Amino acid sequence: MAQWDRLRQLPIAYRQQLHELYDRDALPMDVRHYLAPWIEKQEWQRAARDHAFAMVLFQVLLENLDIQHSRFVQEESFLLQHNIRRYKQNFQRYVDDPCALATTILWFLEKEKEILESAELAEKVQLLQVEPEAMETSSQQDLERKLAGLRNEVQCMEHTIICLEEQQDEFDFKFQTQKLEGKQMKTIWLYLHALMSVRSTLSGLNDILDRIQDIIDVLVKKELVEWQRRQQKACIGALDNVCLDQLEKWFSCVAVCLFQVWEFLTKLEELVGKVSYENDPVKAQNPTLQKRVDTLLRDLLKSSFVVETQPSMPQGKGSLVLRTNVQFSVKARLLVKFPELNHSMKVDVSMDNKPPVFCRYRRFNVLGTKIKALNMAESTNGGMVADFRHLTLKEQKSGGGGKGVSDISLSVTEELHIIYFNTVFELKGFSVELQASTLPVVIISNSSQQQSAWASVLWFNMLSQDPKDVMFFANTPAATWPQFGEMLSWQFLSATKRGLDDTQLEMIANKLFGKKPNYDSCTVPWSKFTKENTPDTFWVWFDGILMMVKTYLEDLWRDGLIMGFVTKGKEKSLLKKKKRGTFLLRFSESVIGGITFSWVEITVTGEPDVKTVQPFTKVDLSQIPFHEIIRNYQILEAENVPENPLLYLYPDTPKDKAFGKYYTEKSGEDSPYIKYIKTKLVFVSKENTLEARSPMPSDMAQGEGLEPMNGLCGEAAGESCLSLLSNPA
């Protein structure tokens, strides 16, 4: 089924995500809908790199819009005619840069896939009967019981207040009557009875407030803190549940109960105005109770205003990395839901209320639609949200050079900033100012800084327990290996839906610390992650692999066909125990974003001999899929027929069984990759060396003018290293 058709059949919550995705001008939903079959068949990834090819697709897109317009003319669909004509005019801005249009369409298609994958994951979770609603901890169950008890007590108190009001009216009438008749004893009895009822009511209200205080402590100091930590982890790839619906239910329940207590106290104040006694307990205790309610309401409401979706750019590497003059979106949410406040609370956005005072710390202004009303229309589940979708940041001119009282100097990508949201809650005469803040963001001015900025986001959210610590990188803590390894696995899990297993993590630990029986006590300093061995730091190496897998190898990785992270020594020991032709795929340890394969041959003496080809990079993978490289790789022995030495994927899966479902239908001379195959994937065995077979004339075929593609000689130290040779023509 076509991707667009699958999206249209998703549950309403995911269709709402689709509507939010296409609530942008870059690619109108009408165009996506009416041209869906054509859009999904095009090679947008290639077009994003190839200007000529992108221009062809651009022209065909305009022609398709013309065809669609003609169809609407025939159908007399006036509004659709107008829209299609306007969309075509808007697309004209890409006439000088069709690659940008291809990149944009590719981004939308990737985001659609993410929505589909989320829906599929939710469906699997449901089948496993581990829905989020069912995964309640014992503490959450205890909280539910406390809330049920609170609601019951408040309901009983409401009845008590009504009875007390009736009793007070009765007492007032009888008191005056008995007083006139001189029946003093009955008057005293009525007085004592009313006094006991009032005191009992006040004591009950105190008990309710005690219960509310206990619940608020659990909500604010435990449940909300745990959600904030889950959100931090989710921002860097963890699949933690960050849905706020349950918290909203709890916060709203407590708020409703507090406002009911507020009303009870107001009612008691009114009763004092009707009938008052000497040493009236209401007069003595009501102000204290009222002050306590105010404090509890203020604490609850101030904690209930949160950032539901952290700032992110449409085509950024991840959330919390923003670029000046590029639009970003962010969503704030009020967890106390009162429908009568829909559209009445205005939220204002600002930057860095109290920026740190140190040298060269940059300041920024927020531009765009900075004020929005909290409303229930922009939420998939009816929450009170303010969804800011068109904000940008502009750096302020430093003037005097940004003088500070501290000598601390951080790099641009270590400098952290916070975005604030301010609003005022007003209901039933109660008013309080609320403020929410984002997690620290890294602000860059150039796309080349994005990789380094994302490293800072990873490190902060992996380790920091203080979400407002903008001075975190002034004294950066080290990560323990368990923390670090988990974070690395999250990167693959979020990008490809398959994380790293223990064996792969062990290889990475070996690379960082050397061979050890256990790595749990090892630590990784910030400098080792991003600064040592520049420019090819550990993070640059790891991220290069991640980007290669996400861009070119995602299906193979997800199916577990790539061993990936394995040392050359381990690779050799694994293959030497296997039959001839067994091979495995691993990431290069020395070439950024490189993948290679090694296989075992049997020498004439019967000894196993492991051979390794030099790494393939995006230069190769952008021309031919990796599975086609594996399928068509050949070696020509002298006077022999060409042979593919890759027979069994480790440990013993026949190659075609492992990769067959990915093969293109056309093969041999009809293969769309035949030029690459002939020039770069056929090797000639010649005196214990392998040379790429070239279609050039014989006088140039002796090696003159031929250069190794990657020039890598140490990649397979201790093993036969096969050079990939390119045709200089």
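Residues numbered from 1 in each chain as written. Predicted model: local features only at pLDDT ≥ 70, side-chain atom pairs only at ≥ 80, totals over all residues. Heavy atoms only, no water.

### Thoughts on the sheet that holds strand β11 (residues 441–444)
Two pairing modes exist for strands in a sheet, parallel and antiparallel, and in both the strands are linked by backbone hydrogen bonds.
Thought 1: Pairing is mixed in the open sheet, where three strands are placed in the order β2-β11-β8. Strand pairing shows two members of the sheet lacking a second neighbour, β2 (321–323) and β8 (416–417), which therefore form its edges.
Thought 2: Bridge count for β2 against β11 is three bridges, and the pairing is parallel. Residue pairing for β11: Arg-323 is matched across the bridge by Ile-444.
Thought 3: Of the strands in this sheet, β2, β8 and β11 are in contact with helix α13 (residues 450–463), which crosses β11 at around 170°. (Pairing = 2+ DSSP bridges. Helix = DSSP H or I, 4+ residues; strand = E, 2+ residues; numbered from the N terminus. Contact = heavy atoms within 4.5 Å. Axes fitted to C-alpha atoms, helices over the stretch in contact; angles between N-to-C directions.)

### Thoughts on helix α2 (residues 12–21)
Thought 1: When we look at burial in α2, the residues that qualify are Tyr-14, Leu-18, Glu-20 and Leu-21. End-on view of α2: buried residues confined to an arc of 160°, all on one side of the axis. (Buried < 20%, exposed > 50% of the residue type's maximum accessible area, 1.4 Å probe, protein only. Arc of directions from axis to C-beta.)

### Section: the confidence of the model for the protein chain
Thought 1: Scored by pLDDT, the protein chain comes out at a mean of 81, with 82% of its residues at no less than 70.
Thought 2: Every residue in residues 128–135 scores below 50 in pLDDT, and together they form seven contacts with partners more than four places removed in sequence or on other chains.
Thought 3: Contacts for the low-pLDDT stretch residues 684–729, under 50 throughout, to residues beyond four places or in other chains number 97 contacts. (pLDDT = per-residue confidence, 0-100.)

### Concerning the nonpolar core
Thought 1: By size, the foremost hydrophobic cluster in this structure holds 158 residues, and its most contacted members are Phe-421, Phe-425, Trp-459, Phe-484 and Phe-626.
Thought 2: Looking at which element gives the most residues to this core, the answer is helix α11 (residues 245–274), with 15 residues.
Thought 3: In this view, Phe-484 contacts Trp-459, Met-462, Ala-479, Leu-512, Val-524, Phe-529 and Phe-538; residues no more than four positions away in its chain are not counted.
Thought 4: Core analysis: the next-biggest nonpolar cluster, separate from the first, contains 37 residues, Trp-38, Phe-53, Leu-61 and Ile-105 among them. (Core = buried A, V, L, I, M, F, W, Y, C linked by side-chain atoms within 4.5 Å.)

### Topic: the packing of helix α14 (residues 481–496) against helix α15 (residues 502–513)
Thought 1: Here α14 crosses α15 at 125°, and the two axes come no closer than 11 Å. The orientation of α14 with respect to α15, classified from their angle, is oblique. Crossing angle aside, the handedness with which α14 passes α15 is right-handed. Along its contact with α14, which presents Trp-481, Phe-484, Gly-485 and Leu-488, the element α15 presents Leu-505, Ile-508, Ala-509, Leu-512 and Phe-513.
Thought 2: For the contact of α14 with α15, the class distribution of residues is eight nonpolar, one polar and no charged. (Parallel < 35°, antiparallel > 145°, perpendicular 65-115°, else oblique. Left-handed = near helix turned anticlockwise from the far one by under 90°. Nonpolar A, V, L, I, M, F, W, Y, C, P; charged D, E, K, R; others polar.)

### A closer look at the pattern of salt bridges
Thought 1: Evaluated as defined, the whole model comprises 35 salt bridges.
Thought 2: Between Arg-32 and Glu-112 there is a salt bridge, with its nearest N and O atoms 2.7 Å apart. Of this pair, Arg-32 sits in helix α3 (residues 29–34) while Glu-112 sits in helix α8 (residues 98–127), placing them 80 residues apart in sequence.
Thought 3: Assessed through its relative accessible area of 0%, Arg-32 is described here as buried.
Thought 4: With a relative accessible area of 0%, Glu-112 lands in the buried category.
Thought 5: A salt bridge links Glu-643 to Arg-580, with the nearest nitrogen and oxygen atoms 2.6 Å apart. Highlighted residues: Glu-643 in the loop between β17 (634–636) and β18 (648–649) and Arg-580 in the loop between α18 (568–575) and β14 (582–587), separated in sequence by 63 residues.
Thought 6: Residue class for Arg-580 comes out partly exposed when judged on its relative accessible area of 35%.
Thought 7: By sharing partners, the salt bridges in this structure join Glu-117, Lys-497, Glu-554 and Arg-558 into a single network. (Salt bridge = Lys/Arg side-chain N within 4 Å of Asp/Glu carboxyl O.)

### Regarding α18
Thought 1: Listed in full, the buried residues belonging to α18 are Glu-571, Leu-574 and Leu-575. Summarising the axial view, the buried residues of α18 lie within an arc of 90°, below the 170-degree limit, and thus occupy one face.
Thought 2: Buried positions along α18 lie against β14, β15 (595–602) and β16 (608–613).

### Looking at the environment of Asp-469
Thought 1: Inspection of the secondary structure assignment puts Asp-469 in the loop between α13 and β12 (479–480).
Thought 2: Residue classification places Asp-469 among the partly exposed residues on the basis of a relative accessible area of 25%.
Thought 3: Along the sequence, Asp-469 and Pro-440 sit 29 residues apart, while their C-alpha atoms lie 7.7 Å from each other.
Thought 4: In this view, Asp-469 contacts Leu-416, Phe-460 and Ser-464; residues no more than four positions away in its chain are not counted.

### Here we look at the packing of α14 against helix α17 (residues 538–558)
Thought 1: Between α14 and α17, the shortest axis-to-axis distance is 9 Å and the interhelical angle comes to 40°. Seen from above, α14 lies across α17 with right-handed handedness. Each of Phe-484, Leu-488, Gln-491, Phe-492, Ala-495 and Thr-496 in α14 lies in contact with α17, whose residues at this interface are Phe-538, Phe-542, Ile-545, Leu-546, Val-549, Lys-550, Glu-554, Trp-557 and Arg-558.
Thought 2: Residues that form the contact of α14 with α17 fall into these classes: ten nonpolar, two polar and three charged.

### Description of unusual backbone geometry
Working note: non-glycine residues mostly have negative phi, and peptide bonds are mostly trans.
Thought 1: Note the cis peptide between Tyr-650 and Pro-651, where omega equals 5°.
Thought 2: Within the secondary structure layout, Pro-651 lies in the loop between β18 and β19 (653–654).
Thought 3: Phi angles above zero are rare outside glycine, and Leu-320 is one such case at about 75°.
Thought 4: For Asn-325, which is not a glycine, the phi torsion comes out positive at approximately 65°.
Thought 5: Turning to its location among the elements, Asn-325 is positioned in the loop between β2 and β3 (328–334).
Thought 6: Asn-325 gets classed as exposed once you look at its relative accessible area, which sits at 58%.

### Examining the pairing of β15
Thought 1: The element β15 is largely enclosed, with a buried count of seven among its eight residues.
Thought 2: In this sheet, β15 lies alongside β14 in antiparallel orientation, the contact comprising five bridges. Looking across to β15, one finds that Leu-584 is bridged to Ser-598.
Thought 3: For β15 and β16, the ladder comprises five bridges, and the chain directions are antiparallel. Considered in β16, the bridge of Ile-602 is made with Pro-608.
Thought 4: Between β15 and β16, which pair antiparallel one after the other, the connecting turn spans five residues, and Gly-606 there sits at a positive phi close to 85°.

### A look at the environment of Ala-373
Thought 1: You can see Ala-373 is positioned in strand β6 (residues 371–373).
Thought 2: Since its relative accessible area comes to 12%, Ala-373 is described here as buried.
Thought 3: In this structure the C-alpha to C-alpha distance between Ala-373 and Leu-341, which are 32 residues apart in sequence, comes to 9.7 Å.
Thought 4: With near-sequence residues (within four places) excluded, Ala-373 lies in contact with His-343, Met-345, Lys-346, Val-385 and Ala-386.

### Section: the sheet that holds strand β9 (residues 419–427)
Thought 1: Pairing in this open sheet of four strands is antiparallel, and the strands run β6-β4-β9-β10 from one edge to the other. Edge strands, defined here as strands with exactly one partner in the open sheet, are β6 and β10 (430–437). Taking each pair of neighbouring strands and ignoring which way they run, the sheet shows an average axis angle of 25°.
Thought 2: The strands that helix α12 (residues 281–304) touches are β9 and β10; relative to β10, the one it contacts most, it runs at about 30°.

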